[in-house]
Amino acid sequence: MRQKSQLCINEFNPDDVLEAVKTVIGPMPASLHEPIFKGNEWHYVKDCIDQGFVSSVGSYVKQFESEIAKYTGAKYAIATVNGTAALHLALILAGVKPGDEVLAPSLTFVATGNAISYIGATPHFVDSCEVNFGIDVGVLRLYLEQNTVIKNGHCFNKKTGCVIRAIVPMHVFGHPCNIAEIIKLAEEFKLVVVEDAAESLGSFYMGKHTGTFGLLGIFSFNGNKTITTGGGGVIVTDDDHIAERAKYLSETAKQPHNFSYIHNEIGFNYRMPNLNAALGCAQLECLPSFLKSKRALFHSYQKAFSGMDFVTIVREPPSCWSNYWLQTMLLNEKVASYQENIIKNFLNAGILVRPVWRPLHLLPSFASVPSAPLPVTTKLAQRLINIPSSAGLI
Ligand SMILES: *Cc1c(COP(=O)(O)O)cnc(C)c1O
């Protein structure tokens, strides 16, 4: 058999990639990720309207929270208006303060960087790895050893003098990152772990649900995620005190009282409305079937691409069970320059695909924040293309 490294680029035809995808999803236009409403959605949302409890008070919110806790194995779940708000609140509860630095991948959705910035803290970008696209733990260890110092139980950036308070691992496209190793490293370097598990409901690392390794984790239920509440998010944690504060702060920090409005600190209006939770309860019932379809879709793509030399379909990392939220093509480095051509080919055919997010260190808002060298992130950004991933495609 030929070695992949000996492949001649002349043998690459971008049209073959489009054809391979079409053998799986058919020739019709397709979107990247569509929600499916074929369960009890109408029923629960109507019930919610009939009851008159459509806002932040209502039984569906509590039901949704307890079902998320049960499914993920977290002790507590606190539902929020969206995943970004969940992450903002989670970082506050993790003790992140204005002026702090927070380690985060650059290869993530902008919400990760935004939530850190809302606090007046600064993201500090670290490189990702080629296996699971999450934080590269080996590279991070060397970087921390060389660039930080532990004083009074805190990790300081030697260059900026700022405290590096926390780390936000993200499970990219639903594939678990090397979270157990990151937890160990974080303990060593006195960093609080807040997992951005926005994309990974239904994904497990060695049998434990993603989002439940850190002190706090968050999930998103935006319309394009594996299940949706329209807009919505949730914080999960095992910590009693943090869970209580999460609920309190998300409900404008209102003191429990029969009639008076008493707020002892500045809170947030971040609680998920009952109407959204009703949708979420119905969607959760369908989660197992969505996950099954998404896994089947992966296998079909993998089969369709099995003869292809320059493009592979991304599979779940070893010892992990992925929700396969977004299916992804990884281009061989030799054909990375075709990324835009390939994407345009698909769009012309009415099939929606997209490159991975532009890495955050290349966005104007984050151009001048602290950063480790990011060679892998920069290369991966030119090699990854998300392809149609809806559970309804199969
Ligand atoms: C979707 C997403 C979020 C934010 O979720 P919203 O509900 O859209 O606010 C945060 N981080 C990552 C990595 C995401 O993919």
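Residues numbered from 1 in each chain as written. Predicted model: local features only at pLDDT ≥ 70, side-chain atom pairs only at ≥ 80, totals over all residues. Heavy atoms only, no water.

A. Fine view of the environment of A104. Inspection of the secondary structure puts A104 in strand β2 (residues 101–105). Setting aside anything within four residues of it in sequence, one finds A104 in contact with T112, I116, H124, F125, V126 and V168. (Helix = DSSP H or I, 4+ residues; strand = E, 2+ residues; numbered from the N terminus. Contact = heavy atoms within 4.5 Å.)

B. Main features of the site of the ligand. The immediate surroundings of the ligand are formed by 14 residues, with G83, T84, E199, S220 and K225 found nearest. Between an oxygen atom of the ligand and a side-chain N or O atom of E199, the distance comes to 2.6 Å. At a separation of 2.7 Å, an oxygen atom of the ligand approaches a polar side-chain atom of S220. Here the ligand has 380 Å² of accessible area as a free molecule, and 93% of this is covered by the chains. A breakdown of the residues in the shell around the ligand according to their chemical character gives four nonpolar, seven polar and three charged. (Near = heavy atom within 4 Å. Polar contact = N/O pair within 3.5 Å; in protein donor to acceptor, adjacent residues only side chain to side chain. Areas by Shrake-Rupley, 256 points an atom, 1.4 Å probe, with all protein chains shown as cover. Nonpolar A, V, L, I, M, F, W, Y, C, P; charged D, E, K, R; others polar.)

C. Molecular detail of the sheet that holds strand β14 (residues 327–331). Taking strand neighbours across the sheet as the criterion, the four strands line up as β12-β14-β16-β15 in an open arrangement whose pairing is antiparallel. Here the strands that pair on one side only, and so sit at the sheet edges, are β12 (311–313) and β15 (354–355). Sheet analysis places β15 next to strand β16 (residues 384–387), joined by two bridges and oriented antiparallel. Its bridge partner lying in β16, R354 is registered against N386. (Pairing = 2+ DSSP bridges.)

D. Examining the packing of helix α3 (residues 59–72) against helix α9 (residues 274–304) more closely. For the pair α3 and α9, interaxial distance at closest approach is 7 Å and the crossing angle is 30°. Judged by the angle between their axes, α3 and α9 are roughly parallel. Here α3 runs over α9; the crossing is left-handed. Two secondary-structure elements touch here, α3 through S59, Y60, V61, Q63, F64, E67, I68 and Y71 and α9 through N274, A277, A278, G280, C281, L284, L287 and L291. Looking at the contact of α3 with α9 residue by residue, the class counts come to 11 nonpolar, four polar and one charged. (Axes fitted to C-alpha atoms, helices over the stretch in contact; angles between N-to-C directions. Parallel < 35°, antiparallel > 145°, perpendicular 65-115°, else oblique. Left-handed = near helix turned anticlockwise from the far one by under 90°.)

E. Seen up close, helix α5 (residues 110–118). For α5, the complete set of buried residues consists of A111, T112, G113, A115 and I116. Of the surrounding elements, those touching the buried residues of α5 are α4 (83–93), β2, β3 (122–126) and β7 (192–196). Phi for G120, located one or two positions after α5, is positive at around 90°. (Buried < 20%, exposed > 50% of the residue type's maximum accessible area, 1.4 Å probe, protein only.)

F. View of α3. In this model, α3 (14 residues) spans 20 Å end to end at C-alpha, consistent with the 20 Å of a helix rising 1.5 Å per residue. Listing the buried residues of α3 in full gives Y60, V61, F64, E65, I68, A69 and T72. One or two steps after α3, the chain reaches G73, where phi turns positive at roughly 85°. (Expected span 1.5 Å × (residues − 1).)

G. Expanded view of the sheet that holds strand β9 (residues 208–209). Read from one edge of the open sheet, three strands run β9-β8-β13, paired in antiparallel fashion. Only two strands of the sheet have a single partner each, and these edge strands are β9 and β13 (320–321). Two elements, strand β8 (residues 204–205) and β9, share two bridges in a ladder whose sense is antiparallel. Across the sheet, the residue bridging to Y205 is K208, located in β9.

H. Molecular detail of the packing of aromatic side chains. This model, assessed by the stated rule, comprises 11 aromatic pairs. Between the aromatic rings of F268 and Y270, the centroid separation amounts to 4.9 Å while the plane-to-plane angle is 25°, which identifies the pairing as stacked. According to the relative accessible area criterion, Y270 is buried, its value standing at 17%. Ring centres of F298 and Y324 lie 4.4 Å apart, and the angle between their planes is 15°; this geometry places the pair in the stacked category. Here the residue F298 occupies a position in helix α9, and Y324 occupies one in the loop between β13 and β14, the gap between them amounting to 26 residues. Neither residue differs from the other here; F298 and Y324 are each classed as buried. (Phe/Tyr/Trp six-rings, centres within 6.5 Å; stacked < 30°, edge-to-face > 60°.)

I. Seen up close, the side chain of E316. Relative to the helices and strands, E316 resides in the loop between β12 and β13. A polar contact of 2.8 Å, which involves the side chain of E316, links it to the backbone nitrogen of S322.

J. Looking closely at a nonpolar patch on the surface. Together, I49, V54 and L275 line one region of the surface with nonpolar side chains, adding up to about 220 Å² of accessible area. Turning to its location among the elements, I49 is positioned in helix α2 (residues 41–51). (Patch = residues over 30% accessible without salt bridge, like charges linked within 9 Å, V, L, I, M, F, W, Y side chains within 5 Å. Salt bridge = Lys/Arg side-chain N within 4 Å of Asp/Glu carboxyl O.)

K. Up close: the domain arrangement of the protein chain. For the protein chain, the domain assignment lists domain 1 (4–36 + 286–358 + 385–393) and domain 2 (41–284). Contacts between domain 1 and domain 2 engage 26 residues on the former and 31 residues on the latter. Regarding the contact of domain 1 and domain 2, the summed buried area is about 2,400 Å², with carbon and sulfur atoms giving 62% of it. The largest share of the area that domain 1 buries against domain 2 comes from L287, W325 and W357, three residues that together contribute 29% of it. (Domains from an automatic or database assignment. Buried area = accessible area lost by both parts, 1.4 Å probe.)

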